[in-house]
Structures are given as C-alpha cells and as structure tokens.
Amino acid sequence: MTANRISANLSAADREEVMQAIATIKAKLPFLMDLTTEERKSLPKLGDKSRAFVSKTLEVATQNPDFLPRSFDLDEMRRDVELFEALYPILLSITQLQELLDDTFVAVGSEAYAAGLLVYNYAKANGRGAGLDAALDDMGRRFARKTPKVQPQPS
C-alpha cells in the first residue's frame, strides 16, 4: 500500500462551521460577480505589473481633475482602486486555502482509492466462495470496458 500521507477526521460540527464561515464571507462580499468566459476574456486585466500604473493614474487624475471630461467619475475610479486593493489580500489567502484544499482532497481521495483497490484485489484472490461473489461482481463493474458501438456501414 502507498504511504499514508493524511489521517484526519472532519466532524459534522466542524464541517458545518466551515460552511457557515464560507456563507459569512459571501454575505460580507455581496458585490461578488459571476462573469461568463466571454466577459472574462474581453475585460482588460489589472495584474501586478499594472497596479503601479493604475495608482499613478489615480494620483494624476486626483491632482489634475481639470483635464478630465465632466462625465469621468473620479470618485468611482477611486472606489474601484480601493476595492481592488482591499480584495487583493483576501484573494491571495483564499487562493492559498483552495490550493491546500485541492491538494488534500486529491491526496485523501487517492489514498481511499488505493485502499479500495487493495481490498478488491484481496477479495478477488481470497473471497470467491466466501459469500462475496455478488459484491465482487458489483465492484468489478468499475473496470468493465464498454464495447464500442458498431457503426452501420452505408450501403
């Protein structure tokens, strides 16, 4: 059997507390958006390299508002920049948490699957005639290959 890298329990109460914490995060961020793939692709991106640029343009606009058209909403730009900066550390933290959760999920799933394969192989080797035939047949369906459908030949 492969090395057991994780051995833990998550109680129903702890899971519920985590779910409640996630609900609290969503409630505290009611402005979160769900963009389509097309919307994501079409938007200009503000990454690490552009943060300094945006900060500088906000400072220039704040100190020199006379050259901006009246329709330009400097306060809205300021709110957008402030929200971006406030969300940035939250995003980094949530991203790190998601990576840890993903890795843990993959590792524990792998361990459970590897253990299941061992049980199945031991049962195949030693369980026939021990009242396990139906269970073995049922487990064996996981590995059954589907036969490809024969395509009718055009006449």
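Our subject is the structure that appears above.
This write-up is about the structure you can find in this document. If you're wondering where the values come from, they're calculated on a predicted model, not measured in any experiment.

About the criteria used
- Residues numbered from 1 in each chain as written.
- Predicted model: local features only at pLDDT ≥ 70, side-chain atom pairs only at ≥ 80, totals over all residues.
- Heavy atoms only, no water.
- Helix = DSSP H or I, 4+ residues; strand = E, 2+ residues; numbered from the N terminus.
- Expected span 1.5 Å × (residues − 1).
- Buried < 20%, exposed > 50% of the residue type's maximum accessible area, 1.4 Å probe, protein only.
- Contact = heavy atoms within 4.5 Å.
- Polar contact = N/O pair within 3.5 Å; in protein donor to acceptor, adjacent residues only side chain to side chain.
- Axes fitted to C-alpha atoms, helices over the stretch in contact; angles between N-to-C directions.
- Parallel < 35°, antiparallel > 145°, perpendicular 65-115°, else oblique.
- Left-handed = near helix turned anticlockwise from the far one by under 90°.
- Nonpolar A, V, L, I, M, F, W, Y, C, P; charged D, E, K, R; others polar.
- Patch = residues over 30% accessible without salt bridge, like charges linked within 9 Å, V, L, I, M, F, W, Y side chains within 5 Å.
- Areas by Shrake-Rupley, 256 points an atom, 1.4 Å probe, with all protein chains shown as cover.
- Salt bridge = Lys/Arg side-chain N within 4 Å of Asp/Glu carboxyl O.
- Arc of directions from axis to C-beta.

## Side note on helix H4 (residues 74-126)
- Helix length check: H4, at 53 residues, gives a terminal C-alpha distance of 76 Å against a target of 78 Å (1.5 Å per residue), a fit within 8%.
- Taken together, the buried positions of H4 are Leu-74, Met-77, Val-81, Glu-111, Tyr-120 and Ala-123.
- Where H4 is buried, its residues meet helix H3 (48-63) and helix H5 (133-140).
- The opening residue of H4 is Asp-73, an N-cap whose side-chain oxygen sits 3.2 Å from the backbone nitrogen of Asp-75.

## Regarding the environment of Ser-7
- As for its placement among the helices and strands, Ser-7 is situated in the segment before helix H1 (12-28).
- Remark: the alpha-carbon pair of Ser-7 and Val-108, spanning 101 residues in sequence, is separated by 8.3 Å.

## Describing the packing of H4 against H5
- The geometry of H4 relative to H5 is characterised by a closest axis approach of 10 Å and an angle of 135 degrees between their N-to-C directions. With respect to their mutual orientation, H4 and H5 come out oblique. Read as a crossing pair, H4 and H5 show a hand that is left-handed. Contacts between H4 and H5 pair Tyr-120, Ala-123 and Lys-124 from the former with Leu-136, Met-139 and Gly-140 from the latter.
- Its residues assigned to classes, the contact of H4 with H5 shows four nonpolar, one polar and one charged.

## Considerations on the packing of H3 against H4
- Packing of H3 against H4 brings their axes to within 11 Å, and their N-to-C directions diverge by 150 degrees. Once H3 is placed against H4, the crossing between them reads as left-handed. Contacts between H3 and H4 involve Asp-48, Arg-51, Val-54, Thr-57, Leu-58, Ala-61 and Thr-62 from the first element and Leu-74, Met-77, Arg-78, Val-81, Phe-84, Glu-85 and Tyr-88 from the second.
- Residue classes in the contact of H3 with H4 are distributed as eight nonpolar, two polar and four charged.

## With respect to a nonpolar patch on the surface
- A contiguous nonpolar patch, built from Ile-25, Ile-90, Ile-94 and Leu-97 and spanning about 330 Å² of accessible area, is present on the exposed surface.
- Among the elements that make up the nonpolar patch, the one with the highest residue count is H4 (three residues).
- Here Ile-94 shows up in helix H4.
- Given the relative accessible area of 37%, Ile-94 is considered partly exposed.

## Observations concerning H3
- Counted at 1.5 Å a residue, the expected span for H3 with its 16 residues is 22 Å, and the 24 Å between its end C-alpha atoms agrees.
- The set of residues buried in H3 consists of Arg-51, Val-54, Leu-58 and Ala-61. Buried residues of H3 fall within an arc of 100 degrees about the axis and therefore sit on the same side. When the buried face of H3 is taken as reference, the exposed residues oriented beyond 90 degrees from it are Lys-49, Ala-52, Phe-53, Lys-56 and Gln-63.
- Its buried side turned inward, H3 meets H4.

Nothing here speaks to function; it is geometry throughout.
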